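If you want the building blocks of each chain, they are given just below.
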Amino acid sequence: MKLEHRIVVRAPRGPVWDSLMDLPEVALCVPGVEALTPHGDDRYEGHLRVGVGPIRLNLGGELELVSRDDEAGRAVLRGNGTDARLGGGVRVLLTLSVAELDGGRTQLTIESDVQVLGRIGELGQPIMKRKADDLMRAFADCLSQRLQ
Amino acid sequence: MSFDYAEPTSVAEAIALLDGDEDSVALAGGTAFSLLYRQGLIRPRRVVGLRRLGDLQGIQARDDGLWIGALATHRSIERSAVVRAAHPSLADAFATIATVRIRNQATVGGNLAHADPAQDPPVILSALAAVVHVAGPGGTRRTVPVDELFVDYLATVLEPGELIVGILVPPAEAGTRSGYHKYLPRSADDYATVSVAVSVRLDDVGLVAAARIALGGVGSTPIRPLAAEAALIGARPDQPRLGEVAAMVRDAVDPLDDSRGSAAYKREMAAVWVRRALEGVVG
């Protein structure tokens, strides 16, 4: 499942990029992330809790910074998480890029290529997409607030 | 995987067993539970079976409206002479749910707690201004209008440990007409692509005195297009006005692309079916 989210952050490109590349900090802007802790070079461990009504996923896993180009404002991250209780997991390849907009604002584009494995897939793609939209909206609001 | 199972005989005992724990599940008819459980999407620690709770059974005509116990099955609502006398559109709507086998098993309380935005009961009950009665820990009771019950896909305002005990549908004012329509392009027992319930009262000179519209299948929750309702009040429900109201519905819904149609198609069908539903009650 490929998703693309474009969000406008009310802050200039430089601070937005710096803030994005502080992964343990910026991860706290994703609802349901409790902590992202460094675990070797450009690798992090963490948990993401996502609920859809009575269905509660608790994905534990790893996030890796695969590449980073400060000048172009582009980074690629690979994540994978599993839910031990329900059985199943999620693999995701994220491409983040930032572009300057007028009025001291920045456009952040997040392209995600998501693979859902096992039982979690029973939720169905439309619901997962809607949930991803909700997470991104909350993430954008949080990031804008932090940078103001 | 296994869970504890208990069958309490009083509401207080059921709530104590649920214990405000997210991993405890109340089981009514079990139609939604068994799907989620067999798909492996829920793993409760405790299941509290409600079937021995006599207080949650039954359908009665009361002074303040039609009382439907939470454990009333869809089939019992469909076939109840009391329901048909008070709100014929409610009996008609329940007769269209899924198949008779499911209607014999599923309950109205369980259906509302499950909060699936594509199912029928929330939509018709919302148009009829029904109110959910909820019991909570420590003997607390509260009421929630059906159209304020849902907050997201499969999510309600109910807290863990709260239980729906029944639904009160207020009496329809004289002259009110209501109806339920669902658009089923695939098969008769499928989830609707779009479902619409309307309830409209005209005054003595043919102007709209009251109107409620509710839609299912076109958002994360059932939706009431409030601006479209407001555009009807005080107006003569002629073709131009119904066209304007239908156009406003397009902007009020927020559908998902899925196997029952693209978001754009569902938006269009929401407008078409609201118009048809309104024509059915004002003609």
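Residues numbered from 1 in each chain as written. Chains lettered and ligands numbered in written order. Predicted model: local features only at pLDDT ≥ 70, side-chain atom pairs only at ≥ 80, totals over all residues.

Caption draft 1: Broad picture of the overall build of chain A. On a plain count of helices and strands, chain A comes out with three helices and seven strands. The secondary structure elements of chain A, listed N-terminal to C-terminal, are β-α-α-β-β-β-β-β-β-α. Across its three principal directions, the C-alpha atoms of chain A cover 45 × 35 × 25 Å. Expressed as a percentage of contacts within chain A between residues at least 6 apart in sequence, the contacts between residues at least 24 apart total 51%. (Helix = DSSP H or I, 4+ residues; strand = E, 2+ residues; numbered from the N terminus. Contact = placed C-beta atoms within 7 Å.)

Caption draft 2: Focus on the interface of chain A and chain B. Opposite the 13 residues of chain A that make contact, chain B presents 15 residues. Residues belonging to the side of chain A that touches chain B are distributed by class as follows: seven nonpolar, two polar and four charged. (Nonpolar A, V, L, I, M, F, W, Y, C, P; charged D, E, K, R; others polar.)

Caption draft 3: Geometry of the sheet that holds strand β7 (residues 106-118) of chain A. Residues and elements named next belong to chain A. Reading across from one edge, β1-β7-β6-β5-β4-β3-β2 is the order of the seven strands in this open sheet, with antiparallel pairing throughout. Looking at which strands have only one partner, the edges of the open sheet turn out to be β1 (2-9) and β2 (33-38). Shown here is a sheet whose adjacent strand axes are inclined to one another by a mean of 25°, direction ignored. The sheet strands contacting helix α1 (residues 13-21) are β1, β4 (55-69), β5 (74-82), β6 (88-100) and β7, and the helix crosses β6 at an angle near 160°. (Pairing = 2+ DSSP bridges. Axes fitted to C-alpha atoms, helices over the stretch in contact; angles between N-to-C directions.)

Caption draft 4: Summary view of the pairing of β7 of chain A. Residue and element names in this part refer to chain A. Bridge count between β1 and β7: eight bridges; the pairing is antiparallel. Within β7, the position partnered with V9 by the bridge is T106. In the sheet, β6 pairs with β7 via 13 bridges, with the strands oriented antiparallel. Looking at the pairing, G89 lines up with L117 of β7. Linking two consecutive strands that pair antiparallel, namely β6 and β7, is a turn of five residues; a positive phi of about 70° is found at G103 within it.

Caption draft 5: Region of the structure containing the sheet that holds strand β7 (residues 141-145) of chain B. All names here are of chain B. Strand order across the open sheet formed by five strands is β4-β5-β10-β6-β7, with antiparallel pairing between neighbours. Edge positions in the sheet fall to β4 (59-62) and β7, since each of these pairs with one other strand and no more. On average, each strand axis in the sheet is tilted by 25° relative to the strand beside it, whichever way the strands run. Relative to strand β10 (residues 163-169), strand β6 (residues 131-135) runs antiparallel, the two being bridged by five bridges. Paired with V132 across the bridge in β10 is I167. Set on the sheet, helix α1 (residues 11-18) makes contact with β6 and β10; between it and β10 the angle comes to about 130°.

Caption draft 6: Spatial organisation of the environment of R250 of chain B. Residues and elements named next belong to chain B. With respect to the helices and strands, the residue R250 is situated in helix α10 (residues 239-252). On the basis of neighbour counts, which here come to 18 C-beta atoms within 10 Å, the residue R250 falls in the partly exposed class. Put simply, R250 and W273 are 23 residues apart on the chain and 11 Å apart in space, counted from C-alpha to C-alpha. Residues contacting R250, with those up to four places away along its chain left out, are R267, A270 and A271. (Buried ≥ 20, exposed ≤ 12 C-beta atoms within 10 Å, placed from the backbone.)

Caption draft 7: Local environment of the environment of R51 of chain B. All names here are of chain B. Inspection of the secondary structure puts R51 in the loop between β3 (46-49) and β4. Taking the C-beta count within 10 Å as the criterion, R51 has 14 such neighbours and is therefore assigned partly exposed. In the structure, R51 is positioned 43 residues away from P8 in sequence and 8.5 Å away in space, judged by C-alpha atoms.

Caption draft 8: Here's a closer look at the domain arrangement of chain B. All names here are of chain B. Domain boundaries assigned for chain B yield domain 1 (4-49), domain 2 (54-169) and domain 3 (180-282). Placing a centre on the C-alpha atoms of domain 1 and another on those of domain 2 gives a separation of 18 Å. In this assembly, 15 residues from domain 1 lie in contact with 19 residues from domain 2. Residue assignment for the side of domain 1 that touches domain 2 shows that the elements contributing at least two residues are α1 and α2 (31-38). Of the residues forming the side of domain 1 that touches domain 2, the biggest block, five residues, is contributed by α1. (Domains from an automatic or database assignment.)

Caption draft 9: Local environment of unusual backbone geometry. The residue D42 of chain A is not glycine, and still its phi comes out positive at about 55°. Relative to the elements of secondary structure, D42 of chain A occurs in the loop between β2 and β3 (43-52).

Caption draft 10: Molecular detail of the nonpolar core. Residue and element names in this part refer to chain B. Within the largest apolar cluster, 78 residues are counted, with the highest numbers of intra-cluster contacts made by A270 and V274. Per element, the largest residue contribution to this core is seven residues, and it comes from helix α11 (residues 263-282). Beyond its immediate chain neighbours, meaning those up to four positions away, V274 contacts V196, I213, V245, A246 and V249. (Core = buried A, V, L, I, M, F, W, Y, C linked by C-beta atoms within 7 Å.)

Caption draft 11: Spotlight on the confidence of the model for chain A. Scored by pLDDT, chain A has a mean of 91; 100% of the residues are at 70 or more. Within chain A, no element has a lower average pLDDT than helix α3 (residues 125-147) of chain A, which sits at 87, and none a higher one than β5 of chain A, at 95. (pLDDT = per-residue confidence, 0-100.)

Caption draft 12: Spatial organisation of α1 of chain B. Residue and element names in this part refer to chain B. Buried within α1 we find V11, A14, I15 and L18. Take α1 and look down its axis: the buried residues cluster within an arc of 95°, on one side only. As for α1, its buried residues are in contact with β2 (24-27), β3, β6 and β10. Looking one or two residues past α1, D19 carries a phi angle of roughly 60°, positive in sign. (Arc of directions from axis to C-beta.)

Caption draft 13: Highlighting the packing of α10 of chain B against α11 of chain B. Residue and element names in this part refer to chain B. Viewed as axis vectors pointing N to C, α10 and α11 meet at an angle of 145°, and their least axial separation amounts to 8 Å. Seen from above, α10 lies across α11 with right-handed handedness. Only R267, A270, A271, V274, R275, L278 and E279 of α11 make contact with α10, whose side of the interface consists of L242, V245, A246, A247, V249 and R250. A per-class count over the contact of α10 with α11 returns nine nonpolar, no polar and four charged. (Left-handed = near helix turned anticlockwise from the far one by under 90°.)

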